[in-house]
Amino acid sequence: MDERRTALLYAVLAMFLLAVLAWQVPVEGQGNALLSAGRAVVSPVVDGVIGAVDLVRRGWTGYVALVGVRRERDELRARLERLETDVALCDEVRRENDRLREMLDLVRSGAFERALVARVVADLSSGPRNRMLLVDRGRRDGVERGWVAVHRGALVGLVVRAGRRSAEVMTLEDPDAAVAVRHREGRYVGVLHGGGRGAAVVARLDYVPRDRPVVVGDTLVTSGLDGVYPPGLVVGRVRALGGDSPLTWTIRVDLAFTGSTLEEVLLVPPPAPVPRPDDAEDGR
Amino acid sequence: MRTRALLVLLPGALALEALLRLGGPLAHLADPLLVVALVTALPGRARPALLVGLVAGLLDDAAFGKWFGCHALVDMTLAYLLALLAGFVDLGQALPRAIAIFTGSLAAWGLELGLVALFDLPPGPVPGLGTWVTMAAVNAVLGVLLAGWAARRGWLD
């Protein structure tokens, strides 16, 4: 025990004397050797503490930044969804605007007088044999039975019933529909009957003589000879030629519109009836 | 060694070293203070040896040293180590005493060189090996004489 104390005493005295010696030895730029040694011993500890504090600080800063980034990401995601919705709405409005502008141009061109733009509010079709649309214009707007529905210059159908605020339009897809047509290039005429046979909505043109020039893709327009539809409206294109008769064609026609895709139609009044000679004489 | 004896020997050694240093070339002929410290360690008691070595070295540093504490550390260390060695080796005869003091004196030279190297001190204050060997031999003779004289007076009990 005494030897240990003596050894400890020696160690303490030796360290003290070394410190005294170090205190006397100058070290350039660092005071003396004792301070230099002290710094050499302490500086790694201080560096470690500073490094640890800096690490914690950077970690905390990074965490806070990450939280901020996450919040910003969520906000941007929500904003992106809103913007995508707005873009979709804007696109829809732009398309609607284009359609309405096209109809408005048609009205301004003088092709139709007293034309009205009507919005398709319902599809009343109950099957291939009943093709009806409901539009939001009625007698209050001047729409009467017999008005013609047009879409982008193509014939859609006929108002068969006019209510106060709405009207029913029988489209050419209906099997009961019929329209006097003219081959645009050949200028010969015929009567086109509505589609509805089976699942396919394809109109047909019967009894066209086989010597008439007609090929698939030819355009048919209204002739106006029926006194119901104004002339010049596009009805459809020739899809196929057929028929059992060796003398005439039965032409299948793709209509120029598809009822299920319509959103607006232009309602135009029927052509004014031409007075017959008897009526003229009566007027005289 | 008894305190009364130390009160005589330490000042005497200091005076002798002063005389030697006055002699110019004889400055490093002997280190009487180191001899007193080593002789004190011969009985094998570590703590007294350590304290006497410390006091002797401090006297040397205070009187002649350039770096205070250098001789104190060296003398204290050697006295302490010699006291520990005396616990294992019989240093009661003249020859072992002479060898121990001679070796201790050489070790003092090594320790001083070590301190010079440790603190990057100019080597000027530390004499060369030849001078130190001579001094170690003289120290050994002085130490044997002092130990015999002190033993006869009972100061080494």
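Residues numbered from 1 in each chain as written. Chains lettered and ligands numbered in written order. Predicted model: local features only at pLDDT ≥ 70, side-chain atom pairs only at ≥ 80, totals over all residues. Heavy atoms only, no water.

(A) Spotlight on the overall build of chain A. Along the backbone of chain A there are three helices and 14 strands. Within chain A, contacts between residues separated by at least 24 positions form 55% of all contacts whose residues are at least 6 apart in sequence. Accessible surface, chain A: about 17800 Å² in total, of which carbon and sulfur atoms supply 56%. (Helix = DSSP H or I, 4+ residues; strand = E, 2+ residues; numbered from the N terminus. Contact = heavy atoms within 4.5 Å. Areas by Shrake-Rupley, 256 points an atom, 1.4 Å probe, with all protein chains shown as cover.)

(B) Examining the confidence of the model for chain A more closely. Summary statistics for chain A give a mean pLDDT of 85 and a share of 93% for residues scoring 70 or more. Looking over chain A, one finds the lowest element-wise mean pLDDT in helix H3 (residues 277-283) of chain A, namely 62, and the highest in strand S7 (residues 167-171) of chain A, namely 94. (pLDDT = per-residue confidence, 0-100.)

(C) View of the pattern of salt bridges. Taken as a whole and assessed by the stated rule, the structure comprises 15 salt bridges over all chains. Arg47 of chain B serves as the salt-bridge partner of Asp2 of chain A, at 3.4 Å between the closest nitrogen and oxygen. With one member in each of two chains, Asp2 of chain A in helix H1 (residues 2-24) and Arg47 of chain B in helix H3 (residues 46-64) form a pair that bridges those chains. A relative accessible area of 31% places Arg47 of chain B in the partly exposed class. Residues Arg204 of chain A and Asp206 of chain A are paired through a salt bridge, measuring 2.9 Å at the closest nitrogen-oxygen approach. (Salt bridge = Lys/Arg side-chain N within 4 Å of Asp/Glu carboxyl O. Buried < 20%, exposed > 50% of the residue type's maximum accessible area, 1.4 Å probe, protein only.)

(D) Main features of the packing of H1 of chain A against helix H5 (residues 94-119) of chain B. Closest axis-to-axis distance for the H1 of chain A/H5 of chain B pair is 11 Å, and the angle between their directions is 50°. Classified by the angle between their axes, H1 of chain A and H5 of chain B sit oblique to one another. Crossing angle aside, the handedness with which H1 of chain A passes H5 of chain B is right-handed. Listed contacts from H5 of chain B to Leu18, Leu21 and Ala22 of chain A of H1 of chain A are Leu115, Leu118 and Phe119 of chain B. When the residues that make up the contact of H1 of chain A with H5 of chain B are grouped by side-chain class, the tally is six nonpolar, no polar and no charged. (Axes fitted to C-alpha atoms, helices over the stretch in contact; angles between N-to-C directions. Parallel < 35°, antiparallel > 145°, perpendicular 65-115°, else oblique. Left-handed = near helix turned anticlockwise from the far one by under 90°. Nonpolar A, V, L, I, M, F, W, Y, C, P; charged D, E, K, R; others polar.)

(E) Representation of the pairing of strand S9 (residues 189-193) of chain A. Residues and elements named next belong to chain A. Residues Gly190 and Leu192 of S9 are buried on one face, while the alternating residues Val189, Val191 and His193, pointing to the opposite face, are not. With five bridges connecting them, strand S8 (residues 178-183) and S9 associate as antiparallel partners. Within the sheet, the bridge partner assigned to Ala178 lies in S9 and is His193. Counting the residues between successive antiparallel strands, the hairpin from S8 to S9 contains five residues, one of them, Arg187, with a positive phi of roughly 65°. Across two bridges, S9 lies against strand S10 (residues 203-209) in antiparallel orientation. (Pairing = 2+ DSSP bridges.)

(F) Region of the structure containing the pairing of S8 of chain A. Residues and elements named next belong to chain A. Within S8, five of the six residues are buried, which leaves the element mostly enclosed by the surrounding structure. Strand direction decides the pairing type here: S8 and strand S11 (residues 219-222), joined by three bridges, are antiparallel. The residue bridging His183 from the neighbouring strand is Leu220, located in S11.

(G) Highlighting the interface of chain A and chain B. The interface of chain A with chain B comprises 17 residues on the first partner and 20 residues on the second. For the pair chain A and chain B, the summed buried area comes to about 1500 Å², and 79% of that belongs to carbon and sulfur atoms. Looking at the side of chain A that touches chain B, the element that brings in the most residues is H1 of chain A, giving 15 residues. The residue inventory of the side of chain A that touches chain B, partitioned by class, reads twelve nonpolar, two polar and three charged. (Buried area = accessible area lost by both parts, 1.4 Å probe.)

(H) Looking closely at H5 of chain B. Taking 1.5 Å of rise per residue, 26 residues should cover 38 Å, and H5 of chain B covers 37 Å from first to last C-alpha, within 8% of that figure. Once H5 of chain B ends, the next one or two residues include Asp120 of chain B, with phi positive near 55°. (Expected span 1.5 Å × (residues − 1).)

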